[in-house]
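These are the residues of each chain, in order.
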Amino acid sequence: MGINYDELHDPNAEYTMRELSGETMELTRSRGETRDVSITDVQTTMIDGNFPWTLVRVYTDAGVTGTGEAYWGAGVPELIERMRPFLIGENPLDIDRLYEHLVQKMSGEGSIAGVTVTAISGIEIALHDVAGKILDVPAYQLLGGKYRDAVRVYCDCHTEDEADPKACADEAERVIEELGYSALKFDLDVPGGRETDRANRHLTDSQIDHKAEIVRTVTERVGDRADVAFDCHWSFSVGSAKRLARAVEDCDIWWLEDPVPPENIDVQREVSRVTTTPIAAGENVYRKHGQRRLIEEQAIDIVAPDLPKVGGMRETRKIADLADSFYIPVAMHNVASPVATMAGAHVGAAIPNVLAVEYHSYELDWWEDLVEEPVIEDGMIELNERAGLGITLDLDTVAEHMVTGETLFDPA
């Protein structure tokens, strides 16, 4: 990338309260032959999918390699390269300590939220993969074991005319009958030709009627064959969100997702409390600290963290545990490749309160080719009991679909 991050000045180096390296923590005791392992390198490769996926690889001196994935976004590979020196020589089995080590080391560079957390998430997922391989257990075992053998998937659906209620209903039926899904999601923040001002977040009565018509047409067509959620992408004002949620109360919908912007939790709580329509949110807040008020103030009915964005697998587990203490279920937002999708399935298997993991790439015919093992079958992800995440990258497919100018990372 042109910058040698091994030689970059680290202004926090002398502050041991922000330094949780194995050396500083004086972790010198032998763990036994197979567990005395050190990280030797961290590399990334970005794939040009329907989102620009950043894959992450952690290499060790034991010849064991782990693969993870960070949520898409500019600057993520550079941030991972920045953190690489903090990981070299560390034992990859110390997942929690290394996660906190990176959070502390990057505290002045934005590890509260945003792409810095996203970059850490990709590393954390790769650590679960490599740790599982070293210990010869599936990743879910590192999270406490499993509640289920397979995790449900909900399919994010699209049509050429997403504002046409009939077209959405036709696609819902096709996805159920031909692709085998029993859980779907459609967008509601779609232009319907009745917009007057895109900036003020206000929905007119006509717009409310149009969006309610999409919901009603799809849910009536689907009936009891599938659960259907609808995504608003944090687009509407509080008044419009309330009116929309009330307008679809008589429809059998799974949830209404992100009807208001994510910054103001007081507004989010207000919308949730005035309607019987289930409200979901969470993809745009980071770490368990960002999710805490959403859950503790019961500002949502369903929490929807994005695992390779929110902090990784253990952080998602911690969010799920907090949500479970308020009897709130988890539906994982996910726009990832098979790597982070499978990571989501491992977390889903290990927590009691999961509803489903999202799949956002059913129109991308090479998505499944990125790994050698099957991922989604009949709307479910079955844990295959292989070590780590249980998947093997097909490097030929990765190389074929890399972002222009990208370099393929080293083989495992």
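Refer to the structure printed above.
Cut-offs used in this document
- Residues numbered from 1 in each chain as written.
- Predicted model: local features only at pLDDT ≥ 70, side-chain atom pairs only at ≥ 80, totals over all residues.
- Heavy atoms only, no water.
- Helix = DSSP H or I, 4+ residues; strand = E, 2+ residues; numbered from the N terminus.
- Buried < 20%, exposed > 50% of the residue type's maximum accessible area, 1.4 Å probe, protein only.
- Areas by Shrake-Rupley, 256 points an atom, 1.4 Å probe, with all protein chains shown as cover.
- Lys, Arg positive; Asp, Glu negative; His and termini not counted.
- Charge placed at Lys NZ, Arg CZ, Asp CG, Glu CD.
- Phe/Tyr/Trp six-rings, centres within 6.5 Å; stacked < 30°, edge-to-face > 60°.
- Lys NZ or Arg CZ within 6 Å of the ring centre and 35° of its normal.
- Core = buried A, V, L, I, M, F, W, Y, C linked by side-chain atoms within 4.5 Å.
- Contact = heavy atoms within 4.5 Å.
- Salt bridge = Lys/Arg side-chain N within 4 Å of Asp/Glu carboxyl O.
- Arc of directions from axis to C-beta.
- Axes fitted to C-alpha atoms, helices over the stretch in contact; angles between N-to-C directions.
- Left-handed = near helix turned anticlockwise from the far one by under 90°.
- Nonpolar A, V, L, I, M, F, W, Y, C, P; charged D, E, K, R; others polar.
- Polar contact = N/O pair within 3.5 Å; in protein donor to acceptor, adjacent residues only side chain to side chain.
- Pairing = 2+ DSSP bridges.
- Patch = residues over 30% accessible without salt bridge, like charges linked within 9 Å, V, L, I, M, F, W, Y side chains within 5 Å.

## Some points on the overall build of the chain
The helix and strand tally for the chain stands at 13 helices and 13 strands. Counting only C-alpha atoms and orienting by the principal axes, one finds that the chain spans roughly 65 × 45 × 40 Å. Expressed as a percentage of its 412 residues, the buried residues of the chain come to 57%. When the accessible surface of the chain is totalled, it reaches about 17,000 Å², and 46% of it is carbon and sulfur. The chain carries 37 positive and 77 negative side-chain charges, and their two centres are separated by 7 Å.

## Some remarks on the packing of aromatic side chains
In total, this model carries nine aromatic pairs according to the counting rule given. By the ring-pair criterion, three or more aromatic residues cluster together here, those being F51, Y71 and W72. Between the NZ or CZ atom of K105 and the centre of the ring of F86, over which it lies, the distance is 4.7 Å. Its guanidinium or amino end placed over the ring of Y71, K309 lies 4.5 Å from that ring's centre, counting from NZ or CZ.

## Focus: the nonpolar core
The biggest cluster of nonpolar side chains holds 93 residues, and the ones touching the most others in it are L184, F186, V218, F230, L256, M313 and L389. When residues in this core are grouped by element, the largest group, seven residues, is from helix α12 (residues 338-350). Apart from residues no more than four positions distant in its own chain, F186 is found in contact with C157, C168, E171, A172, V218, V228, A229, F230 and D231. With 28 residues, the next largest nonpolar core counts L87, Y99, A126 and I134 among its residues.

## Here we look at the pattern of salt bridges
Taken as a whole, this structure holds 32 salt bridges when the rule is applied. Two residues, D227 and R152, come together in a salt bridge whose shortest N-O distance is 2.9 Å. Here R152 lies in strand β4 (residues 150-156) and D227 lies in strand β6 (residues 227-231), a separation of 75 residues in the sequence. For R152, a relative accessible area of 22% gives the class partly exposed. For R221, the salt bridge goes to D170, with nearest N and O atoms at 2.9 Å. Of this pair, R221 sits in helix α6 (residues 205-222) while D170 sits in helix α5 (residues 165-179), and the two are 51 residues apart along the sequence. R221 sits in the partly exposed class, given a relative accessible area of 28%.

## Re helix α9 (residues 287-296)
Within the sequence span of α9, burial applies to R287, Q291, L294 and I295. Along α9, the residues classed as buried sweep out an arc of 90° about the axis, all on the same side. Backbone geometry just downstream of α9 places Q298 in the positive-phi region, at approximately 50°.

## A word on the packing of helix α8 (residues 265-273) against α9
Where α8 meets α9, the closest approach of the two axes is 10 Å, and the angle between their N-to-C directions is 35°. Considering only the axes of α8 and α9, their crossing is right-handed. Seen from α8, the contacting residues are I265, D266, Q268 and R269; seen from α9, they are G290, R293 and L294. Broken down by class, the residue content of the contact of α8 with α9 amounts to two nonpolar, two polar and three charged.

## A word on α8
For α8, every residue scored as buried is listed here: I265, Q268, R269, V271 and S272. In an axial view of α8, the angular spread of the buried residues amounts to 160°, which keeps them on one side of the axis. Its buried side turned inward, α8 meets α7 (238-247), β8 (279-281) and α9. The residue sitting at the N-terminus of α8 and contributing the capping side-chain oxygen is N264; that oxygen lies 3.0 Å from the backbone nitrogen of D266.

## Comments concerning the sheet that holds strand β1 (residues 39-48)
Here we have three strands laid out as an open sheet, ordered β1-β2-β3, and antiparallel in their pairing. Each of the sheet's edge strands pairs with one partner strand only, and the pair in question is β1 and β3 (65-70). Adjacent strand axes in the sheet meet at a mean angle of 20°, parallel and antiparallel pairs treated alike. Where strand β2 (residues 52-60) meets β3, six bridges bridge the pair, whose relative direction is antiparallel. Residue pairing for β3: V58 is matched across the bridge by G66. Strands β1, β2 and β3 of the sheet are contacted by helix α3 (residues 115-135), whose axis makes an angle of about 150° with β3.

## Describing the environment of A163
Note that A163 resides in the loop between β4 and α5. For A163, a relative accessible area of 15% corresponds to the buried category. Sequence-wise, A163 and L188 are 25 residues apart; in three dimensions their C-alpha atoms are separated by 8.1 Å. Beyond its immediate sequence surroundings of up to four residues, A163 is in contact with V190, P191, G192, H210 and I214.

## As for a negative patch on the surface
A cluster of acidic residues, D365, E368, D369, E377, D378, E382, D396 and E400, forms a negative patch at the surface. By secondary structure assignment, the location of E377 is in strand β12 (residues 376-377).

## Let's talk about the side chain of D258
Looking at the element boundaries, D258 is found in the loop between β7 (256-257) and α8. We note that D258 is buried and unpaired, the nearest opposite charge coming from K185 at a distance of 7.1 Å. If near-sequence neighbours (up to four positions away) are discounted, D258 is found in contact with D231, C232, H233, W234, S235, A280, A281, G282 and E283.

## A closer look at unusual backbone geometry
One non-glycine residue, R201, lies in positive phi territory at about 65°. By the secondary structure assignment, R201 is in the loop between β5 (183-187) and α6.

## What about the environment of Q104?
Considering the arrangement of structural elements, one finds Q104 in helix α2 (residues 95-105). Looking at Q104, the relative accessible area reads 22%, which means it is partly exposed.

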